[in-house]
Amino acid sequence: MDNYDKVFEQNKEWVEKTTSSDPDFFKKIYEGQNPDYLYIGCSDSRVPANEITGLDIGDLFVHRNIANQVPPNDLSSHSVLQYAIEILKVKHILVCGHYGCGGVHEAMQPHSYGELDNWLRNIRDVYRMHFDELDSIKNEEDKYDRLVELNTFEQCVNIIKTSQFQQSYIKNKGPIVHACIWDMRTGFLKDLNFQLEKELKQVQKVYNLTENKF
Ligand code: CO
């Protein structure tokens, strides 16, 4: 059996296994979703959102791209963000980076990756913003780990810069934004302690988008 056929065989087995323990499972999930969490993570095949959080189908609204980014000109991540905040009214937003992230590693290299440069540019900007701290780290792996953390942190800042987030937060005191890192060397998730209130206050000195002009 080649790899593509395998997918359908395994799907059939999964459907059989799922319906044998809960015959109405698919009928129930078809009725709608009400997830508490938006997860923004990396596309990396080794970082599966539901498995590492232990959350089930329907618990997690997911957006994944290279190096878990939320850049301001990215229609996809911002549409997901708006839908999660305004329609699903999620309680938590988890931005989840991971050590060993290829996107972050590539962004640290001083050469071109063609079209991918535009995407890596956002991570390189994070590198530039924190250049002194990163440059002072002499061990390459430690520096790489730290850029993974700073990139994840910065994406949380990108989220709280948006009008959708700020206007929701004023009304509902939520969602709560969290930065976390998945360490694939151990399997454990680590919270980076993103200080939402403090960061929001700082961000709103420049990006206060709580009121609409029009
Ligand atoms: Co990655």
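Up top you'll find the structure we're talking about.
## Concerning the packing of aromatic side chains
Evaluation of the coordinates by the stated rule reveals seven aromatic pairs. Relative to Phe194, the ring of Phe153 has its centre 5.1 Å away and its plane inclined at 70°; by these criteria the two rings are edge-to-face. With Phe153 in helix H8 (residues 140–160) and Phe194 in the loop between strand E5 (189–191) and helix H10 (196–203), the pair connects residues that are 41 residues apart, well separated along the chain. Taken together, Trp14, Phe25 and Phe26 form an aromatic cluster joined through their ring pairs.

## Let's talk about helix H9 (residues 163–172)
Of the positions making up H9, those classed as buried are Gln164, Phe165, Gln166, Ser168 and Tyr169. Remark: Lys173 follows H9 within two positions and exhibits a positive phi of approximately 55°.

## As for the coordination of the cobalt ion
All of the protein donors around the cobalt ion are Cys42 (SG), His98 (NE2) and Cys101 (SG); their distances to the metal are 2.1 to 2.3 Å. Positions of the donor residues of the cobalt ion, expressed as sequence spacing, correspond to C-x55-H-x2-C. Of this pair, Cys42 sits in strand E1 (residues 37–42) while His98 is found in strand E3 (residues 92–98), placing the two residues 56 residues apart along the sequence. No difference in accessibility class separates Cys42 from His98, as the two residues are buried.

## Regarding the packing of helix H4 (residues 75–87) against H9
Packing of H4 against H9 brings their axes to within 10 Å, and their N-to-C directions diverge by 15°. In terms of orientation, H4 and H9 fall into the roughly parallel class. Where H4 crosses over H9, the handedness of that crossing is left-handed. On H9, the residues that touch Gln82, Ile85 and Glu86 of H4 are Gln164, Phe165 and Ser168.

## Some thoughts on the nonpolar core
Ranked by internal contacts, the top residues of the largest apolar core, which has 42 residues, are Leu38, Ile93, Ile159, Phe165 and Val177. Looking at this core element by element, the count peaks at eight residues for H8. Sequence-distant contacts of Phe165, defined by excluding residues within four places in its chain, comprise Ile85, Ile159, Ile160, Pro175, Val177, Leu196 and Leu200. Listed in part, the ten residues of the second largest apolar core include Val47, Leu94, Cys96 and Cys180.

## Examining the sheet that holds strand E4 (residues 176–182)
The sheet built from five strands is open, its strands ordered E2-E1-E3-E4-E5 with mixed pairing. Each end of this open sheet is capped by a strand with a single partner; those strands are strand E2 (60–65) and E5. Within the sheet, the average angular offset between the axes of one strand and its neighbour, ignoring direction, is 25°. One ladder, built from five bridges, connects E1 with E3; its direction is parallel. Paired with Tyr37 across the bridge in E3 is His92. Contacting E1, E2 and E3, H4 runs over the sheet at an angle of about 170° to E2.

## Quick word on the environment of Asp117
Topologically, Asp117 is positioned in helix H6 (residues 117–129). Counting along the chain gives 54 residues from Asp117 to Lys171, while the straight-line C-alpha distance between them is 38 Å. Apart from the residues lying within four places of it in its own chain, the contact partners of Asp117 are His111, Ser112 and Arg124.

Calculation criteria
- Residues numbered from 1 in each chain as written.
- Predicted model: local features only at pLDDT ≥ 70, side-chain atom pairs only at ≥ 80, totals over all residues.
- Heavy atoms only, no water.
- Phe/Tyr/Trp six-rings, centres within 6.5 Å; stacked < 30°, edge-to-face > 60°.
- Helix = DSSP H or I, 4+ residues; strand = E, 2+ residues; numbered from the N terminus.
- Buried < 20%, exposed > 50% of the residue type's maximum accessible area, 1.4 Å probe, protein only.
- Donors = N, O, S within 2.8 Å, 3.2 Å for Na, K, Ca; no water.
- Axes fitted to C-alpha atoms, helices over the stretch in contact; angles between N-to-C directions.
- Parallel < 35°, antiparallel > 145°, perpendicular 65-115°, else oblique.
- Left-handed = near helix turned anticlockwise from the far one by under 90°.
- Contact = heavy atoms within 4.5 Å.
- Core = buried A, V, L, I, M, F, W, Y, C linked by side-chain atoms within 4.5 Å.
- Pairing = 2+ DSSP bridges.

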